[in-house]
Amino acid sequence: MPRISVVVPVYNCERYLGECVDSLLGQTLDDIEVICVDDGSTDSSGEILFRRASLDRRLRLLSEENSGPGSARNLGMAAAKGDVIMFCDADDLLDPRACELISSCFDEEGCDALVYGFDVFPPESLHPSLLGRLTPLRECTLERSDENVRSLLFHDEARPFAARMALSREFCQRESIHWDEDLTLGDDQYFCFEVFPRAQRTTLRKWQLYRYRMSSGSLTHGDSKGPELLLRKMNKHLACERAVLEDWGPAGFMDLCPGDLLHWCIELLLYDASRLPAKDARDFWNDFCANVLAHFNVPQTAGLLDSTSRACLNQIIDVARGKRPRVSEALVALFYVRQRGIAASVRRFAFALRSR
């Protein structure tokens, strides 16, 4: 059995696929398998993989009709034979020593999950929102506790980039860890919220082992120009929040950190919602109340928020009820300045101006 399985969802990535596969098969640890799942590609991706597989027995090929990256990753995880499961997108790269370091860490720490760092290329494409978020803030191994789950999710910069996470295969099987196949944005967020409350031991390392290719088409920062596209993006984020809450409720996790969880739900949506026309904003926040707030004891949880977040929540509810047209722009600005600081907010504003 291989030590490590690297799962790669592949869809129409002929331009970068060879470089990605080279970075995986060129690892200093030879005892690996690379599972490439062709998700119904219509370009030459399948041919590229077939040629590479004929030259290296460690490359395993699976295929499915186009069903999305979540489905492809789940298929790859189910087929994995390695003690440790990792992920890499077909246009990204791994550092040559990634598998070797990760294998040693699992031996030394006996963890269920390992979170490491990443870098972005080309460097000039680094989005301001990623500054300070490329690696975990500390190096440690955390036993499962309410306090540590809260820290992993909201304070250690261990979220939301699940591609920089390695998992014990035994843990994945024991806890039925999987990707939500219905999510087309925020699937990394969901995966982190699924893993951290269930892992008995989670290790953080600052190693920058994953190389993320930032492009104008990256899902994380695209799909938001114009009201219709913006609303589509926001509805995808809303679906992510709903999926997290629908997982956490039956699992008994809602009492772990309700204030932080509600704050995250607001933060993910508030800025984009402030850019919607008034009618769209009312309809959207009405959906938010029905699909997100319904999972919380709102009066009790609101008391756990800081004063600015609580004021935003009150105005969100008022917008949904038609009592005001939108959340105050000044309040939205104050919310993000308090959350990210003045310098970070200015950098993001300047980046937005350059990107227009």
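As the structure is a prediction and not an experimental result, all values here were calculated from the model.

Trainee: I'm lost on the packing of helix α7 (residues 187–195) against helix α8 (residues 227–251) in this one. Help?
Mentor: Axes are the key here: two packed helices are described by the angle between their axes and the distance separating the axes. Between α7 and α8, the least distance of the axes is 9 Å, while the angle of their chain directions is 15°. Compared by their axis directions, α7 and α8 come out roughly parallel. For the element pair α7 and α8, the recorded crossing hand is right-handed. Across the interface between the two elements, Q189, Y190, F193 and E194 from α7 touch C240, A243, V244, D247 and W248 from α8.

Trainee: How do you make sense of the environment of D39 when you look at a structure like this?
Mentor: Tracing the backbone shows D39 in strand β2 (residues 32–39). Note on D39: relative accessible area 3%, which makes it buried. With residues up to four places along the chain from it excluded, the contact list for D39 reads V10, Y11, E64, E65, N66, S67, G68, P69 and A72. In this structure the side chain of D39 is engaged in a polar contact, spanning 2.9 Å, whose partner is the backbone nitrogen of G68.

Trainee: Would you take a moment to explain the pairing of strand β7 (residues 140–143) for this structure?
Mentor: Side chains on a regular strand alternate between the two faces of the sheet. Across the two faces of β7 the burial differs, with C140 and L142 buried and T141 and E143 not buried at all. One ladder, built from four bridges, connects β7 with strand β9 (residues 201–213); its direction is antiparallel. Within the sheet, the bridge partner assigned to T141 lies in β9 and is T203.

Trainee: Teacher, can you tell me more about the packing of aromatic side chains here?
Mentor: For any two aromatic rings, the description comes down to two numbers: the centre-to-centre distance and the angle of the planes. Applying the stated criterion across every chain, the model contains 13 aromatic pairs. Plain terms: the ring middles of F335 and Y336 are 5.0 Å apart, the flat faces sit at 80° to each other, and that makes the pair edge-to-face. Each of the two residues, F335 as well as Y336, counts as buried. Members of the aromatic cluster, connected to one another through ring pairs, are F154, F193, W248, F253 and W264. Seen from the ring of W179, R73 lies directly overhead, with NZ or CZ sitting 4.3 Å from the centre. The cationic tip of R211 hangs over the ring face of F121; the distance from NZ or CZ to the ring centre is 4.4 Å.

Trainee: Explain the packing of α8 against helix α9 (residues 258–273) here, please?
Mentor: Put simply, α8 and α9 touch, their axes get as near as 10 Å, and they point 170° apart. In this view, α8 runs roughly antiparallel relative to α9, as classed from their interaxial angle. Mapping the contact onto sequence places L230, K233, M234, H237, L238, C240, E241, V244, L245 and W248 in α8 and L261, W264, C265, L268, L269, D272 and A273 in α9.

Trainee: Is there a simple way to think about the nonpolar core in this case?
Mentor: Within soluble globular proteins, side chains that are nonpolar tend to cluster in buried spots. With 76 residues, the main nonpolar core has W248, L270, W285 and F288 as its most contacted residues. Ranked by residue count, the leading element in this core is α9, at nine residues. Dropping the residues within four chain positions of it, F288 is found in contact with L238, E241, C265, I266, L269, L293 and I316.

Trainee: Looking at this model, I keep getting lost on the pairing of strand β1 (residues 4–10). Mind explaining?
Mentor: Of all seven residues making up β1, seven are buried, and the element is well covered by its neighbours. Pairing geometry for β1 and β2, over seven bridges, is parallel. Residue I4 lies in a different strand from β2, and its bridge partner there is I32. In this view, the connection linking β1 to its parallel neighbour β2 by way of helix α1 (residues 14–25) has right-handed handedness. As paired elements, β1 and strand β4 (residues 84–87) share four bridges and run parallel to each other. Note on β4: the bridge partner recorded for V7 is F87.

Trainee: Would you mind going over unusual backbone geometry with me for this structure?
Mentor: As a rule of thumb, non-glycine residues mostly have phi less than zero, and peptide bonds are mostly trans rather than cis. A cis geometry characterises the amide bond from F121 onward to P122, with omega recorded as -5°. In this model, R159 is joined to P160 through a cis peptide bond whose omega is 10°. With respect to the helices and strands, P160 occurs in the loop between α5 (146–154) and β8 (165–168). Phi at N12 is positive, roughly 50°, even though this residue is not glycine. You can see N12 is positioned in the loop between β1 and α1. Taking the relative accessible area as the measure of exposure, N12 reaches 30% and is therefore partly exposed.

Trainee: I keep staring at the pattern of salt bridges and nothing clicks. Help me out?
Mentor: If charged atoms from side chains of opposite charge come close, those side chains can pair. Applying the stated criterion to the full structure yields 25 salt bridges. For R174, the salt bridge identified is with E175, shortest N-O distance 3.5 Å. Under the relative-accessibility criterion, R174 is labelled partly exposed at 37%. For R198, the salt bridge goes to D247, with nearest N and O atoms at 2.9 Å. Taken together, the residues span a long stretch of sequence, with R198 in the loop between α7 and β9 and D247 in helix α8 at a distance of 49 residues. There is no split in this pair, since R198 and D247 are both buried. Overlapping salt bridges bring together E109, E143, R201 and R205 as one network.

Criteria and thresholds
- Residues numbered from 1 in each chain as written.
- Predicted model: local features only at pLDDT ≥ 70, side-chain atom pairs only at ≥ 80, totals over all residues.
- Heavy atoms only, no water.
- Axes fitted to C-alpha atoms, helices over the stretch in contact; angles between N-to-C directions.
- Helix = DSSP H or I, 4+ residues; strand = E, 2+ residues; numbered from the N terminus.
- Parallel < 35°, antiparallel > 145°, perpendicular 65-115°, else oblique.
- Left-handed = near helix turned anticlockwise from the far one by under 90°.
- Contact = heavy atoms within 4.5 Å.
- Buried < 20%, exposed > 50% of the residue type's maximum accessible area, 1.4 Å probe, protein only.
- Polar contact = N/O pair within 3.5 Å; in protein donor to acceptor, adjacent residues only side chain to side chain.
- Pairing = 2+ DSSP bridges.
- Phe/Tyr/Trp six-rings, centres within 6.5 Å; stacked < 30°, edge-to-face > 60°.
- Lys NZ or Arg CZ within 6 Å of the ring centre and 35° of its normal.
- Core = buried A, V, L, I, M, F, W, Y, C linked by side-chain atoms within 4.5 Å.
- Right-handed = clockwise from strand over helix to strand, strands pointing away.
- Salt bridge = Lys/Arg side-chain N within 4 Å of Asp/Glu carboxyl O.

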